[in-house]
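# Breakdown of the fold
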Amino acid sequence: MSFFGLDCTRKKEGEVERKIRANDREYNLSFKYATNSIKTSKYNPFTFLPLNLFEQFQRIANAYFLFLLILQVIPAISSLSWFTTVVPLVLVLSVTAAKDAIDDIVSTHIHSLFIFLSFFPLLRGDDSEISHVKYTMNPVCFLKCCFKTVFLYSYVFFSLSLSLHRETNLKVKQALTVTGDMGENLEALAEFNGEVCCEPPNNRLDRFTGTLTFNSQKYSLDNERVLLRGCTLRNTDWCFGLVLFAGPETKLMQNCGKSTFKRTSIDRLMNVLVLFIFGLLALMCIILAVGNGIWENHAGSKFKAFLPREENTVFSAFLTFWSYIIILNTVVPISLYVSMEVIRLGNSYYINWDRTMYHAGSDTPAEARTTTLNEELGQIKYIFSDKTGTLTQNIMTFNKCSINGKSYGQDQSVVLKQSPGEMTPVDFSFNRLADPKFLFYDHSLVEGVKLELPDVHAFFRLLALCHTVMAEEKREGDLVYQAQSPDEGALVTAARNFGFVFRSRSPETVTIEEMGIQRTYELLAILDFNNVRKRMSVIVRNPEGKLSLYCKGADTIIYERLHPSCSEVMKVTTEHLNEFAGEGLRTLVLAYKDLDEEYFSEWKQRHHESSVALEDREEKLEKLYEEIEKDMMLIGATAVEDKLQDGVTQTLEQLAKAEIKIWVLTGDKQETAENIGYSCNLLREEMNEVFVVAANSPEEAFALESNMELEFLRTACICKTVICCRVTPLQKAQVVELVKKYKKAVTLAIGDGANDVSMIKAAHIGVGISGQEGMQAVLSSDFSFAQFRFLQRLLLVHGRWSYLRMCKFLRYFFYKNFTFTFVHFWYAFFCGFSAQTVYDEGYITLYNLVYTALPVLGMSLFDQDVNAGWSLEYPQLYVPGQLSQYFSKRAFMMCALHSWYSSLVLFFVPYAAIYDTARDNGKDGTDYQSFALITETCLTVTVCLGLDLSYWTVVNHLFVWGSLGMFFILTFTMYTDGLYRLRPSSFAFIGTARNCLNQPNVWLTVALTAILCVLPVVVYRFLSSQISPTINEKVRYKVCQMKEPAPRPRRTRLTRRSTRRSGYAFSHAHGYGDLMTSGRYLRRNALTCSTGLIPTGRSPGFKPTGRSAGYSPVGREQNPKQKVEPTSLQVFRAVKDSFF
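Residues numbered from 1 in each chain as written. Predicted model: local features only at pLDDT ≥ 70, side-chain atom pairs only at ≥ 80, totals over all residues. Heavy atoms only, no water.

Going by an unreviewed UniProt entry, the chain carries the name Phospholipid-transporting ATPase and comes from Cyprinus carpio. According to UniProt, the comment filed for the chain under the heading Catalytic activity (unreviewed entry) is "ATP + H2O + phospholipidSide 1 = ADP + phosphate + phospholipidSide 2." (UniProt positions renumbered as here; feature names shortened; annotations may be inferred.)

## What to know about the sheet that holds strand β15 (residues 392-403)
In space, the nine strands of this open sheet follow the order β16-β15-β25-β24-β23-β22-β21-β20-β19, with antiparallel pairing throughout. Edge strands, defined here as strands with exactly one partner in the open sheet, are β16 (406-408) and β19 (500-505). Across the sheet, the axes of successive neighbouring strands diverge by a mean angle of 30°, strand direction being ignored. Here strand β21 (residues 517-527) pairs with strand β22 (residues 535-541) via five bridges, running antiparallel. Across the sheet, the residue bridging to Leu-527 is Ser-537, located in β22. The strands touched by helix α14 (residues 454-465) are β15, β16, β19, β20 (509-514), β21, β22, β23 (547-553), β24 (586-594) and β25 (633-644); relative to β25, the strand with the most contacts, the crossing angle is about 60°. (Pairing = 2+ DSSP bridges. Helix = DSSP H or I, 4+ residues; strand = E, 2+ residues; numbered from the N terminus. Axes fitted to C-alpha atoms, helices over the stretch in contact; angles between N-to-C directions. Contact = heavy atoms within 4.5 Å.)

## Comments concerning the pattern of salt bridges
Applying the stated criterion across every chain yields a total of 32 salt bridges. Note that Arg-606 and Glu-627 form a salt bridge whose closest N and O atoms lie 2.6 Å from each other. Residue Arg-606 is found in helix α18 (residues 597-611), and its partner Glu-627 is found in helix α19 (residues 617-628); the two are separated by 21 residues along the sequence. On the accessibility criterion, Arg-606 (24% relative accessible area) is partly exposed. Look at Glu-627 and you get partly exposed, because its relative accessible area is 24%. Put simply, Arg-533, Arg-535, Glu-560, Arg-561, Glu-626 and Glu-629 are held in one network by salt bridges that share partners. (Salt bridge = Lys/Arg side-chain N within 4 Å of Asp/Glu carboxyl O. Buried < 20%, exposed > 50% of the residue type's maximum accessible area, 1.4 Å probe, protein only.)

## Quick notes on the packing of aromatic side chains
Using the criterion set out here, one finds 54 aromatic pairs in the structure. Each ring, one from Phe-809 and one from Phe-813, has its centre 5.1 Å from the other, and the planes form 50°; the classification is tilted. Taken together, the residues span about one helical turn, with Phe-809 and Phe-813 both in helix α27 (residues 790-828) at a distance of four residues. Like Phe-809, the residue Phe-813 is buried in the burial classification. Aromatic side chains Tyr-843 and Tyr-847 sit 5.6 Å apart centroid to centroid with 45° between the ring planes, which places their arrangement in the tilted category. Separated by four residues within a single helix, Tyr-843 and Tyr-847 lie in helix α28 (residues 841-851), roughly one turn from each other. Assessed through its relative accessible area of 1%, Tyr-843 is described here as buried. Following the ring pairs from residue to residue traces out a cluster consisting of Phe-398, Phe-428, Phe-430, Phe-438, Phe-440, Phe-459, Phe-460, Phe-498 and Phe-500. One Lys or Arg, Arg-18, reaches over the ring of Tyr-33 and ends 3.8 Å from the middle of that ring. Lying over the aromatic face of Tyr-27, Arg-21 brings its terminal NZ or CZ to 3.8 Å of the ring centre. (Phe/Tyr/Trp six-rings, centres within 6.5 Å; stacked < 30°, edge-to-face > 60°. Lys NZ or Arg CZ within 6 Å of the ring centre and 35° of its normal.)

## Comments concerning the pairing of strand β17 (residues 470-475)
Two strands pair when backbone bridges link them, and β17 and strand β18 (residues 478-482) are joined in this way by five bridges, in the antiparallel orientation. Within β18, the position partnered with Arg-475 by the bridge is Asp-478. Connecting the antiparallel pair β17 and β18 is a turn made up of two residues, with Gly-477 showing a positive phi of about 85°.

## Re the UniProt feature "active site" (unreviewed entry) in the chain
Taking the numbering used here, the UniProt-annotated feature "active site" (unreviewed entry) corresponds to Asp-386. If you trace the backbone, Asp-386 turns up in the loop between β14 (380-385) and β15. Using a relative accessible area of 0% as the deciding quantity, one classes Asp-386 as buried. A polar side-chain atom of Asp-386 sits 3.3 Å from a polar atom in the side chain of Lys-732. (Polar contact = N/O pair within 3.5 Å; in protein donor to acceptor, adjacent residues only side chain to side chain.)

## Concerning the side chain of Glu-472
Inspection of the secondary structure puts Glu-472 in strand β17. Engagement of the side chain of Glu-472 in a polar contact is seen with the side chain of Gln-482, the distance being 3.2 Å.

## Quick notes on the UniProt feature "binding site: Mg(2+)" (unreviewed entry) in the chain
The residues that UniProt annotates with the feature "binding site: Mg(2+)" (unreviewed entry) are Asp-386, Thr-388, Asp-752 and Asp-756. Across 371 residues of sequence, these annotated residues stay compact in space, with a maximum C-alpha separation of 10.8 Å. Turning to its location among the elements, Asp-752 is positioned in the loop between β29 (746-751) and α25 (757-762). A relative accessible area of 1% places Asp-752 in the buried class. Here Thr-390 takes part through its side chain, which lies 3.5 Å from a polar atom of the side chain of Asp-752. With respect to the secondary-structure elements, Asp-756 resides in the loop between β29 and α25. Looking at Asp-756, its side chain comes within polar contact range of the main-chain nitrogen of Asp-752, at 3.1 Å.

## Considerations on the sheet that holds strand β9 (residues 217-221)
Ordered by their spatial adjacency, four strands build an open sheet running β1-β7-β8-β9, and the pairing between neighbours is antiparallel. In the strand order of this sheet, the two ends are held by β1 (18-21) and β9, each with one partner. Averaged over all neighbouring strand pairs, the angle between strand axes comes to 20°, with direction disregarded. In this structure, β1 lies alongside strand β7 (residues 195-198), joined through four bridges in antiparallel fashion. From the neighbouring strand, Lys-19 faces β7, where its bridge partner is Cys-197.

## Observations concerning unusual backbone geometry
The residue Asn-215 is not glycine, and still its phi comes out positive at about 55°. Phi at Lys-744 is positive, roughly 55°, even though this residue is not glycine. Note on placement: Lys-744 falls in the loop between α24 (729-743) and β29.

## Observations regarding the environment of Arg-207
With respect to the helices, strands and loops of the structure, Arg-207 is situated in the loop between β7 and β8 (210-214). Linking Arg-207 and Asn-223, residues 16 residues apart in sequence, is a C-alpha distance of 5.6 Å. Not counting the four nearest positions on each side in its chain, Arg-207 is found in contact with Glu-199, Asn-223 and Lys-251.

In structure tokens:
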């Protein structure tokens, strides 16, 4: 469990409680609590070298070359100089260390702040908002100011726990009365010596237990008195607090996962393959050592005159074994890892340079924050996504409504048919207090407001009164609403634009402007929302003295409490609700009831008695609410859109076609999570059974336990869609780890907040979205960008290409080096197993460095099977990567067999071709140097021209033909008389190139050898493409047939047909209606407001449109016998269905 942050800091021995005393620094320092310094880097200047070397030598190949270096310093067994291994090994380690250091610096954020365990004011922000800018910190203060947890003691205010739960809903934070009464009295604050005794640091976000002891009295502290790091404050200009936890002991850091060294699946596979290669190397060396012993016994005595002989044949075989270990070391070339790092670096730059992943709105490009995980992007099987800020913008818009059986708002079919220029929004210029950002496209609704239609006015009056929104008016007419949920903010803003402007509230009143006339309603009661009631009501008295109850809530809940006379209106409204739900909108039903004064007085007395009852308080209040919330009259319904980010639905659809499973892990409540699931088509109406795993419930308490986790995973894996709601940051990471542990699949986690950090660190790939809510997720991620829609290009294009290129590189790299090494093996049978090499030292040195490096590297950086457009057009191309079809143990064995065959051809065809032959001048053409040169030429030509390239570029041509040219240039240069005279021992092949390569039979041998080497591959691929073509071959064939460079762009129009009505999500917790009517520290008073509306009548040239055409309702009283005029709903549905 330490991975998830439970033990991310070293706990004090035996610490069972924490004690903090105000204004007593010496007392607090005696406990040696953690400072406010947080380190998230992997290395520091002292640990970098040992830790980095330790990580690098976890690669078995690096450890092997270190061992090889030790062997090469032993003269008796080494036929190569020691520096031939030291130089490449040091180069590899240095390059990798430099890259790792840069990655750590880029992805590290270290905050080191001083901590003061005393009182002082918070940093001021804009007027009423305390400024802590996402990922920066204030010194201390409230419950937990950024990196601290502080006990709040002054004033009531509201907080947004954005970085923790990803909730932007306001939550009540209230000080104890005993401390709140001190107000801004600095002398009293300086003398305050209260002592807090609380629980030790832990990762529980939903609870806090502690006591404050002051003046010999104990006061209980709970979550409402504690402010956690990452919160933004509202409704207060200042506050004072006492720091409880700091630095790594804060709850957010306790929920952050530990930084781990991530390796790709290919890296892990490489370690296994390297072990196999070591076994193969040992086997070859044993065979050759045994051969040496046999040869020494039978033929060694014949060469005593010119070849020193070891009398002990066993010891000779032992030395030969180690000599061949050194000679055949190229079977695992150290340049492999350098090349892999170069390829990864290049593919990382492709991501950084991709303009299609650049978000102009926030000026944010995509960024590969690590260069070691690119190919892992091509093998993702599971995606774990946050919701708020990742899938959604967390912006609610008022789109449609139904009032007394009439539907208002632009039809989705009309919106899709019209271009942006043809859509004219409603002109709200008559309203000086209108929000300029609010857009509405049905002009008939504003005309109904101007005509003072009673039902329309009642509709918006309810929206302006029935809520718990706080209004901030920094300047005259400049209104800013702070809502408990975005839904409420959207509805109050809609009422504001249509002329019913909520201006201010006090514990006893609510002030609104109705068509320019300021009216103050007496607030008598708030019947608050909770998850059981699924509705809220307010009871108000208007200026004329009339009592009314206004209620809004889920349709099924409200319908049960309507007066029987509403049946006709209810039927039509239900049809509208079904249409709204079919478009993915979140619906809410509105109702009202006029109250009798005498009845209400008696009800209020009973309400007061129940609210102060010590036993069964909640049950008694619920009965009273049920009693008064009945026989209500239906007004209408609202339809709010929870805006998804651009392209989310299309991205999810594309990823699903690529057989990537998407799980949504969110801290939101169940209803909100389901609504988003339906909005983005993760959930569909045809899904008959929906299993929900909700945190803080009995089911969740056991779902992730060791004895239940497998059952939970099995259940989740048989579902088409998995959405886990109300999960904590720790539980998100646990779900990711669960899938990693049992499914053995490559996982990706994506989020944009601090609460997603542990999930991002737990997954194989972590993606951070640099949104509006800070950089915590980005700083802990491996890749980052600004919009969720860029994920499909990251995976389906860059990820797939990176994986395909890396796999091609590995296959071909092993092929060329195995072939190079196996020729030595065959040659040993013709040289008396004397540990001689086939090639000259110059060729051995330059083979991987110059002759074959660039062609393979060019293929690995520029190759594409299809371009980016077709990669997105056919997401199924991604599936082979998930199945590891491009490079696996089987692919490796096929590569080794091909190398074995090629080495036989490369050795025996030239051997047979020059055996017992003569040159044109009659001299003997059979000698060791000529044979070595012919073999070198055949090998180089085969490797360079046998590349499996699908996409030839100018760079590829330059690399291939340039490498071949360089081979001949350097060969003729090194075999010249001048170099021989300078260093005879190193350039012994004097004149060989000039004498050998001018023979026609040599070039025929080169051509025959190259053809024979590639022929089996060509035949195999031809037959397989005809008998069982792969998805890549099918797509490439189709693309060639279409003769188009890229698919034609097409506009995707997704239609939602769900009839499910998504209920209103007031908040994630119980509302704060009780607080608003309590009068405790609610300091905002109503401003004296001037008229904000220009009185106006019906606009000239107005023509009713939409469903309001011909509709002229009149005022009505509550009449159970009243009928509703028939509508043209059936005609509308017929037109709508024909469109779809």
